[in-house]
Amino acid sequence: MRNNLAIPLLCSSAIYFFFVNFYLLVLLGPPLPVPPNMNWFWGLVPTAFGFVSLAGTVLVLKNIQNRSKKWYLGIPHTIVLIVITVIGPLVMISGGMYIMEFLYIPLVLLPITSVGFFGAYSASKRIAATVVMIIPALISIYAVFSCYAVVRAVLFPLRTSWAVISGLEIIYLLILMPVIGLCYIALALMPADDRNS
């Protein structure tokens, strides 16, 4: 059965590719104009991608609300996306320290809330639907560990190896977030369950 929510699900995946898209543009594309400072990047780019994801997620939840008894499991994911779209401009305006770290904390909640979102959307018992839920659940373990390291670094900056923190963040933003995004794309390409069509 054709998945009528494929486009909203593809929109929902946008936030997971914000960093890798920027990175690829820098490596492969034409030279990008250098912003006055990187606060502009960390403020505007995640907010733009987050807004697209938020719109897609709200459309999916609105569509399945009367069809899935577990639609409410997607609400925490919506809340985290709202926080991401709001915190970017606030951090940019404030120009505070540890800009990436303030944004990183809600970003690492995305795999955890994605598990709930997938559970809300998919009532299927198919193996593929189960795998789509398991992958972000496993990534959540890394996300929680890296979030702990980042929070500890912000609280105790003088005792922190910032090279290690940057490495943890890059692994998550450049590799693990796109993997979760691919789970959304896979879900969009799957035939819809009867109740979610």
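Below is a short write-up of the structure.

Conventions used here
- Residues numbered from 1 in each chain as written.
- Predicted model: local features only at pLDDT ≥ 70, side-chain atom pairs only at ≥ 80, totals over all residues.
- Heavy atoms only, no water.
- Helix = DSSP H or I, 4+ residues; strand = E, 2+ residues; numbered from the N terminus.
- Buried < 20%, exposed > 50% of the residue type's maximum accessible area, 1.4 Å probe, protein only.
- Contact = heavy atoms within 4.5 Å.
- Areas by Shrake-Rupley, 256 points an atom, 1.4 Å probe, with all protein chains shown as cover.
- Phe/Tyr/Trp six-rings, centres within 6.5 Å; stacked < 30°, edge-to-face > 60°.
- Expected span 1.5 Å × (residues − 1).
- Axes fitted to C-alpha atoms, helices over the stretch in contact; angles between N-to-C directions.
- Parallel < 35°, antiparallel > 145°, perpendicular 65-115°, else oblique.
- Nonpolar A, V, L, I, M, F, W, Y, C, P; charged D, E, K, R; others polar.
- Polar contact = N/O pair within 3.5 Å; in protein donor to acceptor, adjacent residues only side chain to side chain.

Digging into the overall build of the protein chain
Here is step 1: A count of helical and extended segments in the protein chain gives eight helices and zero strands.
Here is step 2: Expressed as a percentage of the 197 residues in the protein chain, the buried residues total 46%.
Here is step 3: Counting only contacts in the protein chain whose residues sit at least 6 apart along the sequence, the fraction spanning at least 24 positions is 82%.
Here is step 4: For the protein chain, the computed accessible surface area is about 10200 Å², with 76% contributed by carbon and sulfur atoms.

A short note on the packing of aromatic side chains
Here is step 1: Counted under the stated rule, the structure contains six aromatic pairs.
Here is step 2: For the pair Phe18 and Phe19, a centre-to-centre distance of 6.3 Å together with 75° between the ring planes defines the contact as edge-to-face. In this pair, the class of Phe18 matches that of Phe19, namely buried.
Here is step 3: With a centroid separation of 4.6 Å and 55° between ring planes, the pair formed by Phe118 and Tyr184 is classed as tilted. Of the two residues, Phe118 is situated in helix α6 (residues 110-121) and Tyr184 in helix α8 (residues 162-189); the sequence distance between them amounts to 66 residues. Of the two residues, Phe118 and Tyr184, both sit in the buried class.
Here is step 4: Linked through ring pairs, Tyr16, Phe117, Phe118 and Tyr184 together constitute an aromatic cluster.

Let's talk about α6
Here is step 1: With twelve residues, α6 extends 16 Å between its outermost C-alpha atoms, agreeing within 8% with the 16 Å of an ideal straight helix rising 1.5 Å per residue.
Here is step 2: Across the twelve residues that make up α6, a large majority, ten, are buried.
Here is step 3: For α6, the full list of buried residues reads Leu110, Pro111, Thr113, Ser114, Gly116, Phe117, Phe118, Gly119, Ala120 and Tyr121.

Topic: the packing of α6 against α8
Here is step 1: Two elements in contact, α6 and α8, have axes separated by 12 Å at closest approach and are oriented at 5°. In this view, α6 runs roughly parallel relative to α8, as classed from their interaxial angle. On the side of α6, the interface is formed by Leu110, Pro111, Ser114, Phe117, Phe118 and Tyr121, while α8 contributes Tyr172, Met177, Ile180, Cys183, Tyr184 and Leu187.
Here is step 2: Per-class residue counts for the contact of α6 with α8 are eleven nonpolar, one polar and no charged.

Thoughts on the side chain of Thr85
Here is step 1: Locating Thr85 in the fold gives a position in helix α4 (residues 75-94).
Here is step 2: Reaching out from Thr85, the side chain makes a polar contact with the backbone oxygen of Ile82 at a distance of 2.8 Å.
Here is step 3: Discounting chain neighbours no more than four positions away, the residues touching Thr85 are Thr47, Gly50 and Phe51.

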